[in-house]
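# Residue-level structural notes
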Amino acid sequence: MFIDIAKIFVKSGNGGNGSISFRREKYVPLGGPDGGDGGRGGDVILIADKNINTLLEFKFKKRFIAENGENGSGQKCYGKDGKDVIIKVPVGTIVRDVVSNKVMADLSFDEKCYIVARGGKGGKGNAKFATPTRQAPDFAEPGMPCEEREVILELKLLADVGLLGFPNVGKSSFLAKVTHAKPKIADYHFTTITPNLGVVDFKGIDPFIIADIPGIIEGAAEGSGLGIQFLRHIERTRLLIHIIDVSGFEGRDPVEDYKAINEELKKYSIKLWDRPQIIALNKTDLVYDKEKIEEVKKRLRDLGVYDIFEMSIATGDGIKEVLQKTSEILKTIPKETNLYEVEELYEPEEKHFTYEIEKEDDTFIVTGSFVDRLFQAININNPYSLTYFHKVLKNKGVIDKLKNMGIKDGDTVRLNDFEFIYTI
C-alpha cells in the first residue's frame with residue numbers, strides 16, 4: 001500500500017526540575033547547597049531514510065512522545081536527559097504544521113534530520129544560586145516545559161523525470177520498457193493508482209530516475225480523478241515527458257489532450273507548468289495515415305512545442321530517441337533539492353514566559369505563565385528566596401512596567417495568591 005500523506009502527534013519531554021539539597025556530613029560543618037540540575041527533555045527528531053518508500057507506518061502509529069528529563073538530586077548530581085524519539089521517513093518528505101499549514105522542513109536527502117519538537121531544558125539546582133551574600137538558597141528552578149504539536153507528513157517523490165498524460169496513453173508501459181520497474185499494466189483507465197519509480201537502464205543512455213503517476217484528467221486541479229492526489233510527486237522533477245496517444249482510437253484529439261493537460265498543470269502550479277517538456281507521440285504503429293501524425297506535429301509546433309518525437313512502445317520504435325533527448329536536456333538542468341514552490345516557511349516560536357498587568361483600584365494584578373513558573377522556583381516564606389523573587393521581578397521588567405503604569409508607594413501588587421505592598 002502506498003501512503004503519501006499522514007498526520008501525527010509529537011510531544012517532546014519536559015525538562016527535569018533542579019534539586020534543593022544541602023550537604024550534611026558529620027565533619028563538614030559548612031557543607032552548603034549541593035542540589036544538582038535537572039536533565040534535558042528528549043527531542044522528537046525526523047530523519048530521512050532512503051530505504052523507506054511510503055508513510056505506511058504512520059497509518060498505524062500516530063503518537064510519538066519523548067521521555068522527560070529526570071530531576072536533579074543531592075551531591076550536585078544532575079538528572080538524566082530524556083531519551084530522544086527518532087522517526088524515520090522517506091526521502092522527499094515535507095513536514096507541515098497543522099495549525100498554521102506552513103512548511104517546517106523539507107527532508108530532501110538521505111539522513112537529513114529535523115527536530116520537530118524540542119525537549120525542555122532542565123532546571124538549575126540550588127547549588128547554582130549560591131552567592132557570597134546568599135550562601136544557603138532553598139529554592140531551585142523547575143524544568144522548562146515540552147513542545148507538542150500535530151504535523152502533516154507529505155511525501156513528494158524525488159525523480160529527474162515525470163511522466164505526464166491522460167489515462168491509458170502508455171505511461172506505465174513506457175516505464176516498464178525503459179526501467180526494471182514492474183507497474184500494473186492493463187487496457188483500462190486508471191490502471192495506475194499509485195506512483196511508480198524506476199531507474200532508466202537503457203544501453204548508451206546515462207541513468208536517471210523516472211516517476212510515473214496516475215493519469216490526469218480535465219478538472220484534476222480541482223480534485224477530479226486520481227491525478228490531483230499525485231501531482232505533488234512531479235513537482236520535484238526537472239523535466240516532463242508528456243506522452244500523447246496519437247492513434248485517436250478513443251476518439252480524442254491529441255493536440256486538445258496536450259492543451260488540456262497543460263491547463264491542469266497551470267492551475268496546479270505555474271512553476272510546474274513552466275517545466276521543460278518532451279512530447280512523445282505514442283501508438284504510431286496504429287496510425288496508417290502518416291499525414292495525420294505530421295498534422296499533429298504541425299499543430300503542436302504552432303503552439304510553440306518543438307521537442308516532439310514519434311514513438312511506439314509496442315514495437316520499441318522511437319524510445320531510444322526520446323531517452324537520448326531526455327538525457328541531453330537533463331545535463332543542462334541543475335539538480336535542486338527544492339523544486340517546488342513553498343508558500344511560507346514555519347517560524348518556530350521561541351520559548352518564553354509572558355505576563356500581563358491589570359489595575360483594579362489601588363491593586364496591580366500580575367498574571368501569566370511567567371508568574372506561575374516563578375512561584376514554582378521560590379519559597380516566599382524564606383527571606384533569601386524572597387530577595388531572589390524581587391530581583392527576578394526587576395530583571396524581567398515587571399517593576400519598570402509597574403512604574404510606567406503609575407504605581408505609588410503603598411499600592412498593592414498581587415501575583416496569583418501572593419500580595420505585597422510596593423515601597424519606593
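What counts, and at which threshold
- Residues numbered from 1 in each chain as written.
- Predicted model: local features only at pLDDT ≥ 70, side-chain atom pairs only at ≥ 80, totals over all residues.
- Heavy atoms only, no water.
- Helix = DSSP H or I, 4+ residues; strand = E, 2+ residues; numbered from the N terminus.
- Buried < 20%, exposed > 50% of the residue type's maximum accessible area, 1.4 Å probe, protein only.
- Contact = heavy atoms within 4.5 Å.
- Areas by Shrake-Rupley, 256 points an atom, 1.4 Å probe, with all protein chains shown as cover.
- Core = buried A, V, L, I, M, F, W, Y, C linked by side-chain atoms within 4.5 Å.
- Phe/Tyr/Trp six-rings, centres within 6.5 Å; stacked < 30°, edge-to-face > 60°.
- Lys NZ or Arg CZ within 6 Å of the ring centre and 35° of its normal.
- Pairing = 2+ DSSP bridges.
- Axes fitted to C-alpha atoms, helices over the stretch in contact; angles between N-to-C directions.
- Salt bridge = Lys/Arg side-chain N within 4 Å of Asp/Glu carboxyl O.
- Patch = residues over 30% accessible without salt bridge, like charges linked within 9 Å, V, L, I, M, F, W, Y side chains within 5 Å.
- Lys, Arg positive; Asp, Glu negative; His and termini not counted.
- Charge placed at Lys NZ, Arg CZ, Asp CG, Glu CD.
- Parallel < 35°, antiparallel > 145°, perpendicular 65-115°, else oblique.
- Nonpolar A, V, L, I, M, F, W, Y, C, P; charged D, E, K, R; others polar.
- pLDDT = per-residue confidence, 0-100.

What follows covers the overall build of the protein chain. The number of helices and strands found in the protein chain is nine helices and 18 strands. When the 424 residues of the protein chain are sorted by exposure, 49% land in the buried category. In the protein chain, of all internal contacts separated by at least 6 residues, the share reaching a separation of at least 24 is 72%. Of the roughly 22000 Å² of accessible surface on the protein chain, 49% is carried by carbon and sulfur atoms.

The next point concerns the nonpolar core. Residues F174, F208, I210, I241, V322 and L323 are the most contacted members of the largest nonpolar core, which totals 33 residues. Sorting the residues of this core by element identifies β9 (161–164), α1 (171–178), β12 (239–245), α3 (254–268), β13 (277–282) and α6 (319–330) as the ones contributing at least two each. No other element matches the five residues that α6 contributes to this core. Once you skip the residues sitting within four places of it in the chain, V322 turns out to touch F174, I241, I278, A280, F309 and M311. One finds V44, L55, M104 and L153 within the second-largest nonpolar core, a separate group that totals 26 residues.

Here the focus is the packing of aromatic side chains. Enumeration over the complete set of coordinates arrives at seven aromatic pairs. On the numbers, 6.0 Å between centres and 70° between planes, the contact of F375 with F418 is edge-to-face. With F375 in helix α7 (residues 369–377) and F418 in strand β18 (residues 418–421), the pair connects residues that are 43 residues apart, well separated along the chain. What makes F375 partly exposed here is its relative accessible area of 22%. The class of F418 is buried, set by a relative accessible area of 16%. These aromatic residues form a ring-pair network of at least three members: F375, F389, F418 and F420. We note R252 situated over the ring of F166; from NZ or CZ to the ring centre the distance is 4.1 Å. Directly above the aromatic system of W273 lies the positively charged group of K266, at a separation of 4.8 Å from the ring centroid.

What follows is about the side chain of T412. Among the structural elements, T412 can be located in strand β17 (residues 412–415). Once you skip the residues sitting within four places of it in the chain, T412 turns out to touch D362, T363, F364, E419, F420 and I421.

Spatially, the three strands line up as an open sheet ordered β4-β2-β7, and their pairing is mixed. Where the open sheet ends on each side, the last strands, each with one partner, are β4 (85–90) and β7 (113–117). Adjacent strand axes in the sheet meet at a mean angle of 30° when their direction is disregarded.

By the definition in use, this model includes 20 salt bridges. Across the pair R252 and D257 runs a salt bridge, and its minimum N-O distance is 2.9 Å. Given a relative accessible area of 34%, R252 falls into the partly exposed group. By relative accessible area, which is 7% here, D257 ends up buried. Between K259 and E256 there is a salt bridge, and its shortest N-O distance comes to 3.3 Å. One end of the pair, K259, and the other, E256, are both in helix α3, three residues apart, so they sit about a helical turn from each other. Through salt bridges with shared partners, a single network forms among R40, D43 and D84.

As a further point, take a negative patch on the surface. Taken together, E356, E358, E360, D361 and D362 make up a surface patch of like negative charges. The residue E360 is located in strand β15 (residues 356–360) in this model.

The next subject is the environment of E57. Turning to its location among the elements, E57 is positioned in the loop between β2 (44–49) and β3 (63–65). Residue E57 is classed as partly exposed on the basis of its relative accessible area, which comes to 42%. Along the backbone, E57 and K88 are 31 residues apart, and their C-alpha atoms lie at a distance of 9.6 Å.

At their nearest, the axes of α1 and α6 sit 12 Å apart, and the two run at 80° to each other. The orientation of α1 relative to α6 falls into the category roughly perpendicular. Facing α1, whose interface residues are F174, K177 and V178, α6 presents I319, V322 and L323. Class assignment for the residues of the contact of α1 with α6 results in five nonpolar, no polar and one charged.

Take the confidence of the model for the protein chain next. Put simply, the protein chain has an average pLDDT of 82, and 87% of its residues get 70 or more. At the level of individual helices and strands, the protein chain shows its lowest average pLDDT in helix α2 (residues 227–230), which scores 54, and its highest in β3, which scores 96. Under a pLDDT of 50 for its full length, residues 188–193 has, in the predicted model, 21 contacts with residues more than four places off or in other chains.

Further remarks concern a nonpolar patch on the surface. Together, L197, V199 and I209 make up an exposed nonpolar region whose accessible area comes to about 220 Å². Counting through the fold element by element, V199 comes out in strand β10 (residues 196–199). We classify V199 as partly exposed; its relative accessible area is 47%.

Right, let's get into the sheet that holds β3. If you walk across this open sheet you meet the five strands as β3-β1-β8-β5-β6, and the pairing is mixed. Here the strands that pair on one side only, and so sit at the sheet edges, are β3 and β6 (103–107). For this sheet, the mean inter-axis angle between neighbouring strands, taken without regard to orientation, is 25°. For strand β5 (residues 93–97) and strand β8 (residues 148–155), the ladder comprises five bridges, and the chain directions are antiparallel. For V95, the partnering residue across the bridge sits in β8 and is L153.

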